[in-house]
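Spelled out, the chains give:
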Amino acid sequence: VENRVRAELAERRVLAYRLLWFEDRHPRDYPAASTAALTTHDLPTLAGVWEGADSHEQVRARLAAQAGTATGATLQEVSEAAHRALAQSPSRLLTATLEDALGVAERTNKPGTTTEWPNWSLALPADLEQIRRDPRPARLARILSRP
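Residues numbered from 1 in each chain as written. Predicted model: local features only at pLDDT ≥ 70, side-chain atom pairs only at ≥ 80, totals over all residues. Heavy atoms only, no water.

Participant: Report on the sheet that holds strand β2 (residues 34-37), specifying residues and quantitative values.
Facilitator: With parallel pairing, three strands are arranged side by side in an open sheet as β1-β2-β3. Two strands close off the open sheet at either side, each with one partner strand: β1 (16-19) and β3 (93-94). When β2 meets β3, the two strands line up parallel, connected through two bridges. Along β3, the bridge assignment pairs Ala36 with Leu94. (Pairing = 2+ DSSP bridges. Helix = DSSP H or I, 4+ residues; strand = E, 2+ residues; numbered from the N terminus.)

Participant: Go over helix α4 (residues 75-87) with me, naming the residues and quoting the values.
Facilitator: Across its 13 residues, α4 extends 18 Å between first and last C-alpha, which sits within 8% of the 18 Å expected from 1.5 Å per residue. Counting buried residues in α4 gives 10 out of 13 residues, a clear majority hidden from the surface. The inward-facing, buried residues of α4 abut β2, α2 (46-50), α3 (57-67), β3, α5 (98-101) and α7 (135-144). (Expected span 1.5 Å × (residues − 1). Buried < 20%, exposed > 50% of the residue type's maximum accessible area, 1.4 Å probe, protein only. Contact = heavy atoms within 4.5 Å.)

Participant: Just give me the short version of the nonpolar core, but keep the residues and values in it.
Facilitator: Taken as a class, soluble globular proteins show a tendency for nonpolar side chains to be buried jointly. Residues Trp21, Leu38, Leu46, Trp50, Leu63, Val78 and Leu86 are the most contacted members of the largest nonpolar core, which totals 26 residues. Only β2, α2, α3 and α4 provide two or more residues apiece to this core. Top contributing element to this core by residue count: α4, with six residues. Discounting residues that sit within four places of it in the chain, Trp21 has contacts with Leu38, Thr39, Leu43, Pro44, Thr45, Leu46, Val49, Val59, Arg62 and Leu63. (Core = buried A, V, L, I, M, F, W, Y, C linked by side-chain atoms within 4.5 Å.)

Participant: Which residues make up the side chain of Thr40, and what values go with them?
Facilitator: Summarising the element assignment, Thr40 is placed in the loop between β2 and α2. In this structure the side chain of Thr40 is engaged in a polar contact, spanning 2.8 Å, whose partner is the side chain of Asp42. Apart from residues lying up to four places away in sequence, Thr40 is in contact with Tyr17 and Leu19. (Polar contact = N/O pair within 3.5 Å; in protein donor to acceptor, adjacent residues only side chain to side chain.)

Participant: An account of a nonpolar patch on the surface is requested, with residue identities and associated values reported.
Facilitator: A cluster of nonpolar side chains, contributed by Val1, Val5, Leu9 and Val14, occupies part of the molecular surface with about 330 Å² of accessible area. Position of Leu9 among the secondary structure elements: in helix α1 (residues 3-11). (Patch = residues over 30% accessible without salt bridge, like charges linked within 9 Å, V, L, I, M, F, W, Y side chains within 5 Å. Areas by Shrake-Rupley, 256 points an atom, 1.4 Å probe, with all protein chains shown as cover. Salt bridge = Lys/Arg side-chain N within 4 Å of Asp/Glu carboxyl O.)

Participant: I'd like a rundown of the pattern of salt bridges, residues and numbers included.
Facilitator: Applying the stated criterion across every chain, the model contains 10 salt bridges. One salt bridge connects Arg4 with Glu2, and the closest N-O pair in it is separated by 3.0 Å. The shortest N-O distance in the salt bridge between Arg107 and Asp54 comes to 2.7 Å. A residue pair is termed long-range when its members are at least 10 positions apart, and Arg107 in the loop between α5 and α6 (128-133) and Asp54 in the loop between α2 and α3 qualify at 53 residues. Both residues of the pair, Arg107 and Asp54, count as buried.

Everything listed here is a matter of coordinates, which is why it stays silent on function.
Okay, structure coming up:
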């Protein structure tokens with residue numbers, strides 16, 4: 001984005017968007033006037049990155065560094081550590097995806113594909129009642145709910 005566009009967005013008080021996959025700095029250094037997240041609907045999920053199903057080594061290395069985890073950490077360990085790092089951000093909004101909370105490796109959407117990937121058609125691995133009983137989404141919500 002051009003600098004003049006960034007200036008106009010800031011003047012109109014539109015929040016910046018900070019994604020862990022693209023940031024070299026720790027989330028605690030993100031601007032307060034931002035939304036912070038690990039990923040989006042059309043980028044790799046945490047499980048896709050960590051388990052190698054949808055990853056680039058550079059993104060996996062950034063995840064390990066930001067989360068402060070060893071390369072042998074479990075998906076649950078790295079998920080909680082990455083979201084704890086994200087919770088240190090002063091960003092006005094923090095987001096997490098149900099895909100990341102549930103350990104889904106496939107991303108919802110792959111830009112530039114039409115028939116090669118089932119964009120927007122992949123169901124979550126659990127129904128609503130199962131998700132409500134699953135401790136992982138609630139655990140991430142607690143982690144992100146800064147005191």
